[in-house]
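Structure at a glance
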Amino acid sequence: MHDPSSANPKPSKGQDIWGGRFEREPAELMQAINVSIGFDKRLWAQDLAGSKAHAAMLRAQGVLNATDEAAIQSGLDQIRTEIEQGRFPFRDQYEDIHMNVEARLAELIGEAAGRLHTARSRNDQVATDFRLYVRDACHHAHQRLIALVKALLARAEEEAETLMPGFTHLQPAQPVTFGHHLMAYVEMFGRDAARFKDASARMNECPLGAAALAGSPFPIDRHATAAALGFAGPTRNSLDSVSDRDFALEALSAASITATHLSRMAEEIVIWSTPQFGFISLSDAFTTGSSIMPQKKNPDAAELVRAKTGRIFGALTSLTLVMKGLPLAYSKDMQEDKVPVFEAFDALDLALAAMAGMILDLTPNRERMAAAAASGFSTATDLADWLVRELDIPFRRAHHITGASVKRAEALGVDLPNLPLSELQALEPRIHQAIYQVLTAERSVASRLSFGGTAPSEVRRQIAFWKERLQNEA
């Protein structure tokens, strides 16, 4: 192995990288705008994996001899150790992670390092590294979502019978159970998990070997490198291989939809925890105080989850705008693909973890929610349904009678369960005492037995379904 301590001159910024084509170093501004090692060094593990797979394939195909391949593999292993131990010299003059690794490899093993780049380009190299990263990010997001779904299922099971008001337009609509409300988010986040899984499957093709844009004249085995890196197979068009960033856009799309759901739930946590609602409380673990108002307990974790949605949306918009006008194949514009993806998945990971923590942490105020569920004429639809079911009144007429009943109850300052029978009979003489059996929130909820309804038994059925589904998928 070459000893780097024997001769380690300071490399130039331009000539050593680009060889004989360039005579002068790039301007400082060019260097500043061109360098990407500050952010793409996050791809070091993917870059090393791709290089090791490529070297092994070149050896198997007879393009690389055994001595050089062994030196390359050993050097790459040493680079991994240096990076893991924080000793690797990331240098701006080598522009990106690929050139930094190649330069360091040359310092470690000498001329053999120059053979590693045979039959590949930085174009297919970065496309492969980035796919590996995004595929891993999708898998991690999927796992985070499954953890959140499990947290929601645990709380939904505890609250399957807890009454709360269901809202439309943020106005009391019909009574539901808190468990049913939480299960709505299980459905949302379950779809999100499926989207990441689908995106991972679609991006699971390997660009390595597409080279700059046209493929390679060397007898490479792209199926071998694809298999070594865990891909289902190689990409099928060399132009598309190096110019495609659909996989990143699709991942960001899935992240944006997930962030939307996280933001909706965060908004509800913020609303529910206000004194005006008082439906839930969060512990000190997920709240903060005020520097001037000692009584405050602010749901900052939920607010920050809600805010991070903007960062994730911005990442999708940013990358879409980068890609929208690019001719085939690779353009340096595409160097701007990584920062939005890194930032979006960092924000998503934190938001998913925080939301799962809040779900397990929150304490419901069952009495407050039950009182709210029974207020606001929330069983008006039950009154209309009873008129249809028991008196065979067309629904539109029943709707009118019910509306008049609500108006009369409001005038008397009572809710529907306390509206005198005589008042109801003034609107429809056939109404009888049995009407009061459907006008409580408990009866209303219990009656919603349709598939996917809010009745506790149906909530438990859906919980059981999701538990079995997660177990089967695992």
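Bear in mind that the values here come from a model prediction, so they are computed numbers and not experimental data.

**Things to note about the overall build of the chain**
Within the chain, the secondary structure is distributed over 19 helices and 6 strands. Against the compact-globule benchmark of 23 Å for 474 residues, the chain has a radius of gyration of 31 Å, which places it well outside the compact range. Along the first, second and third principal axes, the C-alpha set of the chain runs to 100 × 55 × 40 Å. For the chain, the proportion of its 474 residues judged to be buried stands at 49%. A sequence separation of at least 24 residues applies to 73% of the contacts in the chain between residues at least 6 apart. As displayed, the chain offers around 22700 Å² of accessible surface, 53% of which is attributable to carbon and sulfur atoms.

**Side note on the pairing of strand β2 (residues 171-177)**
Looking at chain direction, strand β1 (residues 163-168) and β2 are connected through 6 bridges and run antiparallel. Bridge pairing in β2 links L163 to T177. Hairpin connection of β1 to β2: 2 residues between the antiparallel strands, including H169 at a positive phi of 60 degrees.

**Structural notes on a nonpolar patch on the surface**
On the surface, a cluster of nonpolar side chains totalling about 270 Å² of accessible area is made up of L213, L239 and L328. On the secondary structure map, L328 appears in the loop between α12 (300-323) and α13 (338-361). By relative accessible area, which is 63% here, L328 ends up exposed.

**Quick look at α12**
When the terminal C-alpha atoms of α12 are compared, their 35 Å separation across 24 residues agrees well with the 34 Å that a helix rising 1.5 Å per residue should span. A301, A302, V305, T309, I312, A315, L316, L319, V322 and M323 are the residues of α12 that are buried.

**Considering the pattern of salt bridges**
A side chain with one charge may pair with a side chain of the opposite charge, provided their charged atoms come close. Applying the stated criterion across every chain yields a total of 31 salt bridges. Note that E250 and R202 form a salt bridge whose closest N and O atoms lie 2.5 Å from each other. Residue E250 is found in helix α11 (residues 246-272), and its partner R202 is found in helix α8 (residues 178-202); the two are separated by 48 residues along the sequence. A relative accessible area of 26% places E250 in the partly exposed class. Judged by relative accessible area, which is 52%, R202 ranks as exposed. Note that R461 and E458 form a salt bridge whose closest N and O atoms lie 3.0 Å from each other.

**Topic: the packing of aromatic side chains**
Per the stated rule, a full pass over the model turns up 9 aromatic pairs. Judged by centre distance (4.8 Å) and plane angle (70 degrees), the rings of Y133 and F342 are edge-to-face. Of this pair, Y133 sits in helix α7 (residues 122-158) while F342 sits in helix α13, and the two are 209 residues apart along the sequence. A residue is classified by how much of its surface remains accessible, and F342, at 3% relative accessible area, is buried. Measuring from centroid to centroid gives 5.2 Å for F277 and F279, while their planes differ by 75 degrees, and the two rings are edge-to-face. The class for F277 is partly exposed, based on a relative accessible area of 21%. Cluster of aromatic residues (ring-pair linked, three or more members): F167, F277 and F279. The ring of F231 carries the charged tip of R135 above its face, separated from the ring centre by 4.6 Å.

**Some points on the side chain of S256**
By the element assignment, S256 lies in helix α11. Apart from residues no more than four positions distant in its own chain, S256 is found in contact with I312, F313 and L316.

**Side note on helix α19 (residues 456-473)**
End to end, α19 covers 26 Å across 18 residues, agreeing with the expected 26 Å (1.5 Å per residue, within 8%). Here α19 has its buried residues at P456, E458, V459, Q462, I463, W466 and L470. Taken around the axis of α19, the buried residues stretch over an arc of 160 degrees, which confines them to a single face. Seen from the buried face of α19, the exposed residues on the opposite side, beyond 90 degrees, are Q471 and N472. The inward-facing, buried residues of α19 abut α7, β2, α8 and α18 (441-447).

**Some thoughts on the side chain of Q73**
On the secondary structure map, Q73 appears in helix α5 (residues 66-84). If sequence neighbours within four positions are ignored, Q73 has contacts with K52, A55 and A56.

**Examining unusual backbone geometry**
Residue A329 is bonded to the preceding L328 through a cis peptide linkage, with omega at 10 degrees. On the secondary structure map, A329 appears in the loop between α12 and α13. The backbone phi angle of L170 is positive, close to 60 degrees, even though this residue is not glycine. Inspection of the secondary structure assignment puts L170 in the loop between β1 and β2. Assessed through its relative accessible area of 52%, L170 is described here as exposed. For F377, which is not glycine, the phi torsion reads 55 degrees and is therefore positive. Structurally, F377 is set in the loop between α14 (366-374) and α15 (380-391).

Cut-offs applied
- Residues numbered from 1 in each chain as written.
- Predicted model: local features only at pLDDT ≥ 70, side-chain atom pairs only at ≥ 80, totals over all residues.
- Heavy atoms only, no water.
- Helix = DSSP H or I, 4+ residues; strand = E, 2+ residues; numbered from the N terminus.
- Rg over C-alpha atoms; globule rule 2.2 N^0.38 Å.
- Buried < 20%, exposed > 50% of the residue type's maximum accessible area, 1.4 Å probe, protein only.
- Contact = heavy atoms within 4.5 Å.
- Areas by Shrake-Rupley, 256 points an atom, 1.4 Å probe, with all protein chains shown as cover.
- Pairing = 2+ DSSP bridges.
- Patch = residues over 30% accessible without salt bridge, like charges linked within 9 Å, V, L, I, M, F, W, Y side chains within 5 Å.
- Salt bridge = Lys/Arg side-chain N within 4 Å of Asp/Glu carboxyl O.
- Expected span 1.5 Å × (residues − 1).
- Phe/Tyr/Trp six-rings, centres within 6.5 Å; stacked < 30°, edge-to-face > 60°.
- Lys NZ or Arg CZ within 6 Å of the ring centre and 35° of its normal.
- Arc of directions from axis to C-beta.

That is the geometry; function is a separate question.
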